[in-house]
Amino acid sequence: MLEVSHVEMRFGQKEVLRGVTLTLHQGVYGLLGPNGSGKTTLMRCIAGVYRPAAGIIRTPERIGYLPQRFGMFKQLTVYEAMAYFAALKQIPARTQRKAIMECLEQVHLADRADDRIGALSGGMVRRVGIAQALLGCPELILADEPTAGLDPEERLRFKNVISNLRGGPTVVLSTHIVEDVESTCDHIILLYSGKVLAESTADDLRAQAAGKVFSVPADKRCQLQQPYHLLREEAGTGTLRVLSDLPQPGDLAAPTVEDGYMLYIRGRM
Amino acid sequence: MIRRLQLVRLTFRRTLPLFLAPIVSAYLVLPLITAAGLASGNWEIALENLIYGEQALLPVGGLLWAFAYLQVWIGSDGEETMRACHRGKYVCAAELLMLNIGFTVMLLPALAAGTLFFGSLWTEYARLLIQVFFYIGLFYFTAILLRSVTMGGMLVLAYHLFCIFFCRNTEMRGYCLIRPDVLAGAAGFPYILLLLSGSVMYSIGAWLERRPDRG
């Protein structure tokens, strides 16, 4: 279990986290928020990289952490890099090999164990990062923007790895990609401007936006009633996707998690 | 202990040139410059060459080992991941002390060989080890304080060069803790001061390292 209680963090005069309080149990949690909302700072505080200015963080003993910027030793082989983390995590020498190979198998890199890190693609290095986070049977896994820089196939693979962790450790994924959260997370935490806006689920977010999302033909743009929020212009169909509490000149559209997310964020803008 | 040794071994595996440089200095460069003195038939010149070379090269060699290890831990792309393994409470001081001991052991045969030619060089050996201990402590402290191994290394290197170039200057030599111009003992060398200040810098470095960035 992870407990974050009234955590505050500031850099100089800038308040980055403002009294963040969370209690996370087993399951996959998505930490969702726009850039600059404090996601990375919160993850670093939980991982122990930063010490909060105020508040308490209680974490399990064993943590796996994949930071946003994951650098590895390019001269080492995948196995050696994993061995480095195994030594850091104080995994006994006699069980290291088995533990390392199991983690590499989870991210489908067991056959690349003897390859140098420098010879791997960016996506593969990211997978090594995920493997090292899984090393040592962590009770809490923190992954900051885990799918950043991954191609669609790699992203799918990553989602499968996370899905396989269900029922095991508490997993926290920090991202601004709503689709990733929608497909992998049981719970969603919305962070905005250093504060927790809501703790929800994908279904809840969709339900929140139900009846407020409209698909409006582009030629009726001038008939839109204020206030409304233009989500996007659908390429090809020539329609506008609009979020509004008021009826709009178009059809109601099926709400998505992204719509629910925007509803919350828009309310704070 | 074994796991810490594993970390050091893997670190050196990725920074092999930095690891090998002091060994090459001790077992190739120093014998060559000493041999050049011996070739002239003057043993005093040969000993002077040896002391000068040893004082100029080997303390920097110790620094290189520490640099190779710390560059992974300070300001590298992997730092965040590694520090998270211990919730930000890991300090490198123990590994640096192990490197210090390793450096001591590595130099033993070289100094023993020197003793065969020039008589006892053990005071010289002791001086060198204390200097290396001081340099690594100073480097650790400055690198952690400045959050940059490059800046920390440059500062220590700048001081080293200052010592090499100004040790014969009567006004400046008082500030020189590296004295290639004299044998150990002859300079009234401040061993205790070096040991104490080295220990203090190690301790402060470890204390600073244990404190994660605070908001």
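Residues numbered from 1 in each chain as written. Chains lettered and ligands numbered in written order. Predicted model: local features only at pLDDT ≥ 70, side-chain atom pairs only at ≥ 80, totals over all residues. Heavy atoms only, no water.

**Thoughts on the packing of aromatic side chains**
Okay, so step 1: Following the criterion strictly, the structure yields 15 aromatic pairs over all chains and no others.
Okay, so step 2: Residues B:Phe134 and B:Tyr135 carry aromatic rings whose centres are separated by 6.2 Å and whose planes lie at 45° to one another, so their mutual orientation is tilted. Assigned by exposure class, B:Phe134 and B:Tyr135 land together as buried.
Okay, so step 3: The positively charged end of A:Arg97 is found above the aromatic ring belonging to A:Tyr79, 4.7 Å away from the centroid. (Phe/Tyr/Trp six-rings, centres within 6.5 Å; stacked < 30°, edge-to-face > 60°. Buried < 20%, exposed > 50% of the residue type's maximum accessible area, 1.4 Å probe, protein only. Lys NZ or Arg CZ within 6 Å of the ring centre and 35° of its normal.)

**Here we look at the interface of chain A and chain B**
Okay, so step 1: On the side of chain B, 27 residues touch chain A, which itself brings 36 residues to the contact.
Okay, so step 2: With both sides pooled, the region where chain A packs onto chain B buries about 3,000 Å², and carbon together with sulfur makes up 55% of that total.
Okay, so step 3: Where chain A touches chain B, the interface holds one salt bridge.
Okay, so step 4: Among the ionic pairs, B:Glu80 bridges to A:Arg44, the shortest N-O distance being 2.9 Å.
Okay, so step 5: Across the chain A-chain B interface, the total number found is three residue pairs in polar contact (both at pLDDT 80 or more).
Okay, so step 6: Looking at the side of chain A that touches chain B, the element that brings in the most residues is helix α2 (residues 78–88) of chain A, giving six residues.
Okay, so step 7: Taken together, the residues that form the side of chain A that touches chain B break down as 22 nonpolar, seven polar and seven charged. (Contact = heavy atoms within 4.5 Å. Buried area = accessible area lost by both parts, 1.4 Å probe. Salt bridge = Lys/Arg side-chain N within 4 Å of Asp/Glu carboxyl O. Polar contact = N/O pair within 3.5 Å; in protein donor to acceptor, adjacent residues only side chain to side chain. Helix = DSSP H or I, 4+ residues; strand = E, 2+ residues; numbered from the N terminus. Nonpolar A, V, L, I, M, F, W, Y, C, P; charged D, E, K, R; others polar.)

**Some thoughts on unusual backbone geometry**
All names here are of chain A.
Okay, so step 1: For the bond running from Gln226 to Pro227, omega is 0°, close enough to zero to count as cis.
Okay, so step 2: Here Pro227 shows up in the loop between β11 (213–217) and β12 (229–234).
Okay, so step 3: With phi around 60°, Gln90 is a residue other than glycine that occupies positive phi space.
Okay, so step 4: The residue Gln90 is located in the loop between α2 and α3 (93–106) in this model.

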